[in-house]
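Letter by letter, the chains look like this.
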Amino acid sequence: MISATDEQFTTVPGGIRLCHQSFGSPTDPAVLLIMGLGLSMDWWRDDFCRSLAARGFHVVRFDNRDVGRSTHVRGPGISAWGFLTRRARPVYTLGDMADDAAGLIEALDRRGAHVVGASLGSTVAQEVAIRHPSRTLSLTSVMGRPGDGTGTVSWRMVPEFLRPPSSDPVEGMVASFRRIGSRERTPADDEDVRVTMRRSRDRETGDGTGSGRQLAAIVAERDRTADLARLTCPACVVHGLDDRIIRPSGGRSTAAAIPGAELVEVPGMGHDLPHRVWLRLIDAITRTAARAST
């Protein structure tokens, strides 16, 4: 059994203090996992990280700024009107979040890392590859888009971003994943969300406003298409064909923009990472990393 290290803290350029954990041997190639909107590193489940580490990687997961035990900044998020009109004045940008991630790579492994991001994390991962190519061995973008207007949220899913907090956050998160997640979610998937949500809440040090600031950064994202076209690292794009939050056109446009990128479309997969897609994702990460070493 590959166990996680204790939580560690690294202050990266810009003064952001990131909380992170790792699985596997530090002598193995690093994989940096970047999670999505408002979600702590706990949502990269322990068993997923162990399985990936068993492929011969040093797997690092971390709390983005404004999440978990990393630095929580101050400032406004975004209003409902700002979200609907796609107008935001973010406190920080996706590029700033990418610089955080690149700073962590630099601190942990000077050789660089295979960068993997899901949802918001996919846009941050793309920015890492663009802004810090020397630290990016390969890129795996999951549930992402290039910022060109493709992959926009289905209108019937817009209320998901405007919904007031649930009186029961744990069951509220279960209900949210039922709405946005993969087809044929199981009771085991729901229980996994409950366990992860409780663990995440126990670790949270913020006041609940951080996800609003992250959402503002997403709304203000730039079109990365031209910069993605200049990437030289191996890349893979994984996207669910039933994703209603970032629709499949976003994944297709991302893959089309990156030279030589592999596109993996998963039938039935929505905007989540249920157990049944883990093997396909781990295979994709492993396959893409292998291309970097050839």
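Throughout, a residue's number is its position along its own chain's written sequence, starting from 1. Predicted model: local features are reported for residues with pLDDT of at least 70 only, side-chain atom pairs are reported and counted for 80 or more only, and whole-chain, interface and lining totals are derived from all residues. In computing side-chain properties, one takes all heavy atoms of the structure into account and sets aside hydrogens as well as water.

Trainee: Just checking my understanding: could you explain the side chain of Arg194 for this structure?
Mentor: Inspection of the secondary structure puts Arg194 in helix H7 (residues 187-203). The class of Arg194 is buried, set by a relative accessible area of 17%. Counted as a polar contact is a pair of N or O atoms within 3.5 Å, where, for protein atoms, one must be capable of donating a hydrogen and the other of accepting one, and residues adjacent in sequence contribute only when both atoms are in side chains. There is a polar contact of 2.7 Å between the side chain of Arg194 and the side chain of Glu171. Contacts were defined at the residue level, with two residues in contact if any of their heavy atoms lie within 4.5 Å. Residues in contact with Arg194, not counting those within four places in the same chain, are Val170, Glu171, Val174 and Arg178. Going along the chain from the N terminus, every DSSP run of H or I of four or more residues is numbered as a helix, and every run of E of two or more is numbered as a strand. For each residue, the accessible area found with a 1.4 Å probe, counting protein chains only, is set against the maximum for its type, and the residue is called buried under 20%, exposed over 50%, and partly exposed in between.

Trainee: Whenever I open this one, the state of the cysteines confuses me. Can you help?
Mentor: Simply put, disulfide is the name for a covalent bond between the sulfur atoms of two cysteines. The definition used for a disulfide is geometric: two cysteine sulfur atoms within 2.5 Å. Here the structure, examined in full by the defined rule, presents zero disulfides. Here Cys233 stays unpaired: no disulfide links it, and the sulfur of Cys236, its closest cysteine neighbor, is 12 Å away. The buried category is assigned to Cys236, whose relative accessible area is 1%.

Trainee: How do you make sense of the pairing of strand E4 (residues 58-62) when you look at a structure like this?
Mentor: Side chains on a regular strand alternate between the two faces of the sheet. Burial within E4 is extensive, with five of its five residues counted as buried. Going residue by residue along E4, you find His58, Val60 and Phe62 tucked away on one face and Val59 and Arg61 tucked away on the opposite face as well. Bridge analysis of strand E2 (residues 17-23) against E4 gives four bridges, and the strand direction is antiparallel. In the sheet register, Gln21 faces E4, and the bridge partner there is Arg61. Only when DSSP finds a minimum of two bridges between them are two strands counted as paired. Summarising the sheet, strand E3 (residues 30-34) and E4 pair through four bridges and their orientation is parallel. In the sheet register, Ala30 faces E4, and the bridge partner there is His58. A clockwise path from the first strand over the helix to the second, with the strands pointing away from the viewer, defines a right-handed crossover. With respect to chirality, the unit in which E3 leads through helix H1 (residues 46-53) into the neighbouring parallel E4 is right-handed.

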